[in-house]
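Given next are the chains, with one letter for each unit.
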Amino acid sequence: MASPRNVAVLVGSLRKDSINRKVAHALIELASSSLKPEIVEIGQLPIYNQDSDPNPPEQWTAFRQRICACNAVLFVTPEYNRSVPAPLKNAIDVGSRPYGQSAWFGKPGAIVSASPSAIGGFGANHHLRQSLVFLNVPAMQQPEAYIGHADKLFDANGKLINDSTRKFLQDFMMAFATWIDANSKA
Ligand code: FNR
């Protein structure tokens, strides 16, 4: 049997009680054994500054190496002002440089957005897709995942309590596993 695909899971929120982090944990739990998803933290990354490319902070180097070592990337993000939160954009920028050495290049990706609002972070989800086009990350088209009213989906311990959402997230991860296989070189 082929070894499981390493999937870097990036959570767009740094908040301790983040709904999106809970969604990320649920996705990790529901993934099939062909995937090995792990959260890669982004909150410690210094803000990207091109002047530091010749002598990068160690957090940038460690992050870039971590992304390079994975087979695919899963973004789980809230929407801030109809876009992605700054820490996630920063992580994308850090991973994309130095020029010509992007850690993202060619890695299959998928996006889940979650929000207490009804439209489930649609704006952030699509804004992020715009960056992924430029970064040559083939982003899974279907199923789309805009998780609305997401504050109602978890109990006090962060456990997913909505059966239809569980089924949806499980199907999403199955589709992502297929997507990764279809968009991987080996
Ligand atoms: C928000 N929120 C928000 N929600 C939304 O659906 N669309 C939006 O554009 C915004 N904008 C926004 C900006 C900023 C600065 C904050 C702090 C919040 C609300 C947001 O969805 C809510 O706080 C979520 O709970 C954030 O996700 P986490 O931290 O729970 O994962």
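This text goes with the structure placed above it.
Residues numbered from 1 in each chain as written. Predicted model: local features only at pLDDT ≥ 70, side-chain atom pairs only at ≥ 80, totals over all residues. Heavy atoms only, no water.

**Student:** Quick question: what am I supposed to make of the sheet that holds strand β4 (residues 109–114) here?
**Tutor:** Whenever strands of a sheet pair, they do so through backbone hydrogen bonds, lying parallel or antiparallel. With respect to topology, 5 strands assemble into an open sheet ordered β2-β1-β3-β4-β5, the strand pairing being parallel. Both edges of this open sheet fall to β2 (35–39) and β5 (146–147), since each of them pairs with a single strand only. Pairing of β4 with β5 involves 2 bridges; the strand directions are parallel. Across the sheet, S113 pairs through a bridge with Y146, a residue of β5. Packed onto the sheet, helix α1 (residues 19–30) meets β1 (5–11), β2, β3 (72–77) and β4 and runs at close to 145° relative to β3. (Pairing = 2+ DSSP bridges. Helix = DSSP H or I, 4+ residues; strand = E, 2+ residues; numbered from the N terminus. Contact = heavy atoms within 4.5 Å. Axes fitted to C-alpha atoms, helices over the stretch in contact; angles between N-to-C directions.)

**Student:** How do you make sense of α1 when you look at a structure like this?
**Tutor:** Turn by turn, an α-helix covers 3.6 residues, leaving residues three or four places apart pointing in a common direction. The end-to-end C-alpha distance of α1 is 17 Å, a good match for the 16 Å that 12 residues give at a rise of 1.5 Å each. When α1 is considered as a whole, its buried residues turn out to be I19, N20, K22, V23, A24, A26, L27 and L30. Where α1 is buried, its residues touch β1, β2, β3, β4 and α5 (163–182). Two to three positions downstream of the cap, the backbone nitrogen of N20 sits 3.1 Å from a side-chain oxygen, assigning the N-cap of α1 to S18. (Expected span 1.5 Å × (residues − 1). Buried < 20%, exposed > 50% of the residue type's maximum accessible area, 1.4 Å probe, protein only. Polar contact = N/O pair within 3.5 Å; in protein donor to acceptor, adjacent residues only side chain to side chain.)

**Student:** Mind showing me how you'd approach unusual backbone geometry here?
**Tutor:** Most of the time, phi is negative for any residue but glycine, and the peptide bond is trans. The omega torsion of the bond from R97 to P98 falls at 0°, within 30 degrees of zero and hence cis. Among the structural elements, P98 can be located in the loop between α3 (86–95) and β4. Here the bond from Q142 into P143 is cis, since omega is 0°, no more than 30 degrees from zero. Even without a glycine there, the phi angle at N136 is positive, about 55°.

**Student:** Looking at this structure, how should I read the state of the cysteines?
**Tutor:** Disulfides are covalent bonds that connect the sulfur atoms of two cysteines. Applying the stated rule across the entire model yields 0 disulfides. C70 carries a free sulfur, and the closest cysteine sulfur to it, the one in C68, is 8.1 Å from it. (Disulfide = S-S within 2.5 Å.)

**Student:** Mind showing me how you'd approach the layout of surface pockets here?
**Tutor:** Each pocket or cavity is described by its volume, and for the largest pocket that value is around 320 Å³. Elements with a minimum of two residues in the lining of the largest pocket: α3 and α4 (122–134). The greatest single-element share of the lining of the largest pocket, amounting to 3 residues, is contributed by α3. Size it by volume and the second largest pocket reaches roughly 220 Å³. Around the second largest pocket, the lining comprises 14 residues; the ones closest to its centre are A26, E29, G158, K159 and L160. Element by element, the count of residues in the lining of the second largest pocket is highest for α1, at 6 residues. Among the residues forming the lining of the second largest pocket, the class breakdown is 4 nonpolar, 3 polar and 7 charged. (1 Å grid on protein atoms, 1.4 Å probe; cavity = no way out; pocket = protein on both sides within 12 Å on 5 of 7 lines; lining within 4 Å. Points joined across faces, edges and corners; volume = space filled by probe spheres on them. Nonpolar A, V, L, I, M, F, W, Y, C, P; charged D, E, K, R; others polar.)

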